[in-house]
Amino acid sequence: MWLTVGLVVAGCVGVGIVNGGGDSDKVSPPTAQERDDTVAVLARSSASQGVCYGWELKDYFGYGDPVSVGSNLGNGVAVEDNPSCPRWLQVSVRIYYPSESSDSDDNAYVDVNGSSDFSSTELLRIANGLERLGVTEKVFVDDPGWAATRAAVMLPLLAVEAGAVEPAATPAPAAAQPSPLPDPGSDLWRDRWGYLLAAGGLLLVTALLITVGVVQRRRQRRGVVPAQRAGAATAASRTPENA
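This one's a predicted model, so the numbers in the text were calculated from it and none came from an experiment.

*Asks:* Let's hear about the sheet that holds strand β1 (residues 52-59): which residues, and what values?
*Replies:* With mixed pairing, five strands are arranged side by side in an open sheet as β3-β2-β1-β4-β5. With partners counted over all chains shown, the strands left at the sheet margins are β3 (74-75) and β5 (107-114), one partner each. The pairing of strand β2 (residues 68-71) with β3 spans two bridges and is antiparallel. When the bridges of β3 are listed, Ser71 appears paired with Gly74. Sheet contacts for helix α2 (residues 32-49): β1, β2 and β3; angle to β1, the most-contacted strand, approximately 145°. Running at roughly 140° to β5, helix α3 (residues 120-132) makes contact with β4 (88-96) and β5 of the sheet.

*Asks:* Let's hear about unusual backbone geometry: which residues, and what values?
*Replies:* Positive phi values are uncommon outside glycine, yet Asp81 reaches one of about 60°. Looking at where Asp81 falls in the secondary structure, it is placed in the loop between β3 and β4. On the basis of relative accessibility, which here comes to 71%, the residue Asp81 falls in the exposed class.

*Asks:* Quick rundown of the nonpolar core? Include the residues and the values.
*Replies:* Ranked by size, the top nonpolar core spans 32 residues in total, and within it Tyr53, Leu89, Val91, Ile95, Ile126 and Phe140 carry the most contacts. At the level of secondary structure, the elements contributing two or more residues to this core comprise α2, β1, β4, β5, α3, α4 (137-142) and α5 (144-161). Per-element accounting of this core gives the leading share, eight residues, to α5. Discounting chain neighbours no more than four positions away, the residues touching Ile95 are Val27, Leu57, Lys58, Asp59, Tyr60, Asn107, Ala108, Phe140 and Pro144.

*Asks:* Describe the side chain of Gln90, and please don't skip the residues or the numbers.
*Replies:* Tracing the sequence through the fold places Gln90 in strand β4. At a separation of 3.2 Å, a polar atom in the side chain of Gln90 contacts the side chain of Ser92. If we skip the residues at most four places from it in the chain, Gln90 touches Gly54, Trp55, Glu56, Ala78, Val79, Glu80, Asp111, Val112, Asn113 and Leu155.

*Asks:* Describe the packing of α3 against α5, with residues and values.
*Replies:* Orientation of α3 relative to α5, taken along the N-to-C sense of each, is 120°, at an axis distance of 9 Å. Judged by the inter-axis angle, α3 sits oblique to α5. Classified by chirality, the crossing of α5 by α3 is right-handed. Contacts from Ile126, Gly129, Leu130 and Arg132 in α3 reach Ala151, Met154, Leu155, Leu158, Ala159 and Glu161 in α5. When grouped by side-chain class, the residues that make up the contact of α3 with α5 number seven nonpolar, one polar and two charged.

*Asks:* Requested: an account of the side chain of Ser115, with residues and values cited.
*Replies:* Assignment of secondary structure puts Ser115 in the loop between β5 and α3. Here Ser115 is in contact with Pro86, Arg87 and Trp88, once residues within four sequence places are set aside.

What counts and how
Residues numbered from 1 in each chain as written. Predicted model: local features only at pLDDT ≥ 70, side-chain atom pairs only at ≥ 80, totals over all residues. Heavy atoms only, no water. Pairing = 2+ DSSP bridges. Helix = DSSP H or I, 4+ residues; strand = E, 2+ residues; numbered from the N terminus. Contact = heavy atoms within 4.5 Å. Axes fitted to C-alpha atoms, helices over the stretch in contact; angles between N-to-C directions. Buried < 20%, exposed > 50% of the residue type's maximum accessible area, 1.4 Å probe, protein only. Core = buried A, V, L, I, M, F, W, Y, C linked by side-chain atoms within 4.5 Å. Polar contact = N/O pair within 3.5 Å; in protein donor to acceptor, adjacent residues only side chain to side chain. Parallel < 35°, antiparallel > 145°, perpendicular 65-115°, else oblique. Left-handed = near helix turned anticlockwise from the far one by under 90°. Nonpolar A, V, L, I, M, F, W, Y, C, P; charged D, E, K, R; others polar.

None of this, on its own, says anything about what the molecule does.
Written as structure tokens, this is what we have:
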């Protein structure tokens, strides 16, 4: 009898999980553009830091393949237990969407996993840094695909901040190419002869106008002086009798 009751209870629980445990189709994966952009960014970070970075998005009640997985090695390629990744970090996200008949709230469970050379303290610091940078639980619930790839892109920065990974080497600036020597024939006179010619013309005209003005002024003064002297002589020749 107890065996029968146990089987019935187990069957009811199983049916509840399959039918009412959650809506896995609500867990939206990242778009193709988001996946491609994330892979490109992670590839650059991995090449400079020597660490593989990836993401994994799952439905809380999902028992099959993840909704989305990817890394610097490409979309669909996980870093965990990958022979190509002796050192790796991965953000693992599980989204819980209860059934419509449930009173439970939507939730997101976010963890940062890594290879054995990363301590639990470092992994915890990295995970806490995601929320500080704005990738909160609400963001994961509202847009799981975008949030998962966004969190993966932040892993290299947070790993450096936690002291778990060395900063990426800054590329040395390329040596500045010496500026080409000017054309031997392009000297000051040849490059700016038009401006210099115009300036010389203006100076010549100005000097000419000044000269003409000075000459005319002198002539005017010469004409006034004799006239004044002639008037003075006439006045002197007059006598009181003539007056």
